[in-house]
Amino acid sequence: MSLATKLSLGIALLVTVSVGSVSLLAFTVSRRSLREQVLSANLTAATLAARAVEQYIADAANIMREAPGQSKLGQEVRRENWPEASKLLEDFLRNFTQFDSVFVRDPQGIIRARVPHAEAVGEDFSFWDFFREAMRTGRLHISGVHVSKADRRSVVSISVPVLDGDNIKGVLVGALSLGRISQLISMIGREDRSVVYVVDGEGLLIAHSGGARAGLPEDMKARPIVQAVMAGKSGTMEFREPDRGESLLGAYVLIPRLGWGVVATKPIWVVYAAANRLGRWLLWMALGCTAAAVLFGWGLARTWTGPLLRFSEPAAGDPVIRVTAESRDEQAVLAPSFNPMAEHLQDSYRDLEREITESKQTEEPIWHGLERVKALHEIDLAITSTLDLRTVLDVLLGKIDSLLPYPVSTTVRLRNRDTGELEPISCLNLNEAVWKEPEWKSGRGLTNVVAETRIPLVVENIYTDPRVRDREFFRRYNLVSYLGLPLMAKRELLGVLSIYRKEEHRFTHEEVEFLSTIAGQAAIAIQNSQLYEETKKQAVELEKSNKVKSEFLSVMSHELRTPLNVVIGYAGMIKDGMFGEINPEQEEGLGKVLKQANDQLTTINSILYATQLEARAIIVDRHPVTLTDFLNHLRSDYDAPLDKELTLNWDYPSELPPVITDSAKLKQILKNLIDNAIKFTERGNVTLSAQYLPQASSVEFKVTDTAIGIPKESLSVIFEKFHQVDSSETRSYGGVGLGLYIVKQLTELLGGDVGVESELGKGSTFAVTIPYEKPVSQDISEKN
Ligand code: ADP
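Residues numbered from 1 in each chain as written. Predicted model: local features only at pLDDT ≥ 70, side-chain atom pairs only at ≥ 80, totals over all residues. Heavy atoms only, no water.

Draft legend 1. Looking closely at the sheet that holds strand 2 (residues 111–115). A sheet is described by the order of its strands in space; here five strands give the open sequence 2-1-5-4-3, paired in antiparallel fashion. Across the chains shown, the open sheet's two edge strands, defined by having one partner strand only, are strand 2 and strand 3 (141–147). The mean inter-strand angle of the sheet, taken between neighbouring strand axes irrespective of direction, is 20°. Judged from the six bridges that link them, strand 1 (residues 99–105) and strand 5 (residues 167–177) form a sheet pairing that is antiparallel. Paired with Ser 101 across the bridge in strand 5 is Ala 175. Along the sheet, helix 3 (residues 82–95) makes contact with strand 1, strand 2 and strand 5, crossing strand 2 at roughly 30°. The sheet contacts of helix 4 (residues 129–137) involve strand 1, strand 3, strand 4 (154–164) and strand 5, and relative to strand 5 the element is tilted by about 140°. (Pairing = 2+ DSSP bridges. Helix = DSSP H or I, 4+ residues; strand = E, 2+ residues; numbered from the N terminus. Axes fitted to C-alpha atoms, helices over the stretch in contact; angles between N-to-C directions. Contact = heavy atoms within 4.5 Å.)

Draft legend 2. Region of the structure containing the site of the ligand. Around the ligand there are 20 residues in total, and Asn 676, Lys 679, Asp 705, Gln 724 and Leu 740 lie nearest to it. One nitrogen or oxygen atom from the side chain of Asp 705 is found 2.8 Å from a nitrogen atom belonging to the ligand. For the ligand, an oxygen atom lies 3.0 Å from a polar atom in the backbone of Gly 737. Considering the ligand on its own, with 530 Å² of exposed area, one finds that the protein chains cover 95% of that surface. (Near = heavy atom within 4 Å. Polar contact = N/O pair within 3.5 Å; in protein donor to acceptor, adjacent residues only side chain to side chain. Areas by Shrake-Rupley, 256 points an atom, 1.4 Å probe, with all protein chains shown as cover.)

Draft legend 3. Region of interest: the packing of helix 14 (residues 509–575) against helix 15 (residues 584–614). Helix 15 packs onto helix 14 with a crossing angle of 155° between their chain directions and a minimal axis gap of 8 Å. What the angle tells us is that helix 14 and helix 15 run roughly antiparallel. Seen from above, helix 14 lies across helix 15 with left-handed handedness. Of the residues in the contact of helix 14 with helix 15, the class split is 15 nonpolar, 11 polar and five charged. (Parallel < 35°, antiparallel > 145°, perpendicular 65-115°, else oblique. Left-handed = near helix turned anticlockwise from the far one by under 90°. Nonpolar A, V, L, I, M, F, W, Y, C, P; charged D, E, K, R; others polar.)

Draft legend 4. Spatial organisation of the pattern of salt bridges. A complete count under the given rule lists 29 salt bridges for this structure. The salt bridge partner of Arg 417 is Glu 534, with a shortest N-O separation of 3.1 Å. Of the two residues, Arg 417 sits in the loop between strand 11 (408–415) and strand 12 (422–428) while Glu 534 sits in helix 14, which places them 117 residues apart along the sequence. Close ionic contact of Glu 503 with Arg 501 constitutes a salt bridge, the shortest N to O distance being 3.4 Å. Owing to a relative accessible area of 45%, Glu 503 belongs among the partly exposed residues under this scheme. (Salt bridge = Lys/Arg side-chain N within 4 Å of Asp/Glu carboxyl O. Buried < 20%, exposed > 50% of the residue type's maximum accessible area, 1.4 Å probe, protein only.)

Draft legend 5. Structural view of unusual backbone geometry. Cis geometry is found at the peptide bond from Val 115 to Pro 116, where omega equals -15°. The topology assignment puts Pro 116 in the loop between strand 2 and helix 4. Positive phi outside glycine occurs at Arg 491, with the angle close to 65°. Looking at the element boundaries, Arg 491 is found in the loop between strand 14 (481–489) and strand 15 (492–501). According to the relative accessible area criterion, Arg 491 is exposed, its value standing at 78%. Although it is not a glycine, Arg 616 adopts a positive phi angle of roughly 55°. Relative to the helices and strands, Arg 616 resides in the loop between helix 15 and strand 16 (623–626). The exposure class of Arg 616 is exposed, given its relative accessible area of 73%.

Geometric descriptors of this kind do not, in isolation, establish any biological role.
Below is the structure:
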């Protein structure tokens, strides 16, 4: 939870608790005071009403008391002149309207005059207590409440004896209407829902305020408040109305003389309505205050925490917080002391930042740890991805340029192995033509120092170093500091890698070490590409010399063959006696000449053929060949008897399938093999066999001999050019080692294969397999 939230909640809680408790207190106090007020108002109303009632009765009593003494009425009663008395009663009633009726009784209790309702005259009322009391005491008597017979209204009878000396001449009775009391108390208990009523000593309702609305029962005894007043007390109480169940606040006052009670009540809900209204108002106020407190608390908290928060979010480009003097609170007071401190802090921060930047520039993390290994690995990958020297150097310089955190110009000079000179090869961020100017072809001084010492060279300022020869060049490119690294591979100096910076800088130990490692890797890559280029050059030269050799062989063979043919031709003619008779010795001599010349011709032909094969000048001419015919034809070439104890066997089926192949090449192959077999076999057998292998879809020819055999170690090389098992000067068999070479080349040209199995001293078997290709056409003609 943020500080602002905490603060605002805290303030809200504080305000809520205080406003809430004050409201609750106000509510309770107001209820209590309202209750007190109402009770006292009720008491006042009841007291006033009691007085009024008392006064009313007392007034009526006074009227009655005065009546016999001062008016003629007394005289007429004493005279027992009842008709006159009746008239006077009428006058009385007219004057005192509070009396419902008035009558006179004689001492016996018989009504003698009465107004109104004269019909009751003569009735005996002696049993009435109020008559008897007046008679007995000879004084005014007020009766209890009773209902007048005449008009069924509640009345109080006031009896007053009419005296004549000590004798009672009669009793004057006035029925005082109690209806008037209701009117009286209605004037007092006018307040809202307030009711004032009067009960007699029996708890019966005499009068009440509020008219019929009050809805009070006749008998009020059941009410606790009435019971209290009937018990002769006065006071206040809260009670529950038995019939309606309503809670009331009431006051009761006893009228002691009459034994009556006056009660003033008000329903509690009416009393508390105002308090409840206040309570509701207070509740809303408390809620309002809480909301206001939350807002205020939040605002206040923001004011306090705002500056704190600004500490955590420094403005872009300005890492230091300042106290603004806009506000007029304590924050502004801080400004004069805090802001200079902040300025100071900012200055220190800037210095620190500068230092960090500088140290970053000089000691980039590239020199350390994983970054360094990664960079080296990248460079290694890049420069070993090609063998082309120029590409290797360009990639190397590009990588160094992108790795270093400051701009540099870089160059590579390589040592010419023959001249020993440091030749300019590749450069970056320099004008290559200017850098390679012939005048400075072998270096501008510092590179030469590196080449001589073979250790890294650091120069902080090129212009103050006496070893620099061409300062003008460096000035032109604004190059100031220098790091030279020898490119060494297997202790051999290949060249120098130079790095120039545009500002004065002393390359640190870390930089030198890191760049030396790069130079070491680069040297290996450079050496590899140099070796590769040398090999490439040699290959080209080899090819060239091969071509020369082939051409030479071709020319030479041709030149040799022509005179040899002439020699053979003439020698043959002389031997055949075409130029005259020759003796047997001459014939034998000529025979030897012819054999040697023929051997030589064969050799020359072989050389010529091999040369052509190498030059890929031999073209395969495929055509349908009937193998049996082809072999029969080949066999006829060997019809002549051999000058050895040797049997030549031909072992092939009479029905061999026709194939498509170059019969001339096939013949050459088989002839070479048969000739070799005959040549190396002194005695025994030479067999040529042929068979069709349908599963392998090929035709196999085998030449088996019982000759000297071939040692195992020579089996793999006898098919190579000019290779012979015995190549010594004193070897016993002729040949130049091309026969099997031609066999192999031709077999491959026909799409076949040749192999040899041999056991030394026992003989060899050469096997040639050519693919079986079935001719499409039926008319197979053999061309040999
Ligand atoms: P060459 O002209 O010497 O015969 P070839 O290429 O025909 O050249 O044969 C290479 C060498 O293989 C021979 O010099 C010989 O030593 C060995 N060779 C070839 N054929 C046979 C064979 N049938 N028996 C034993 N050695 C053989």
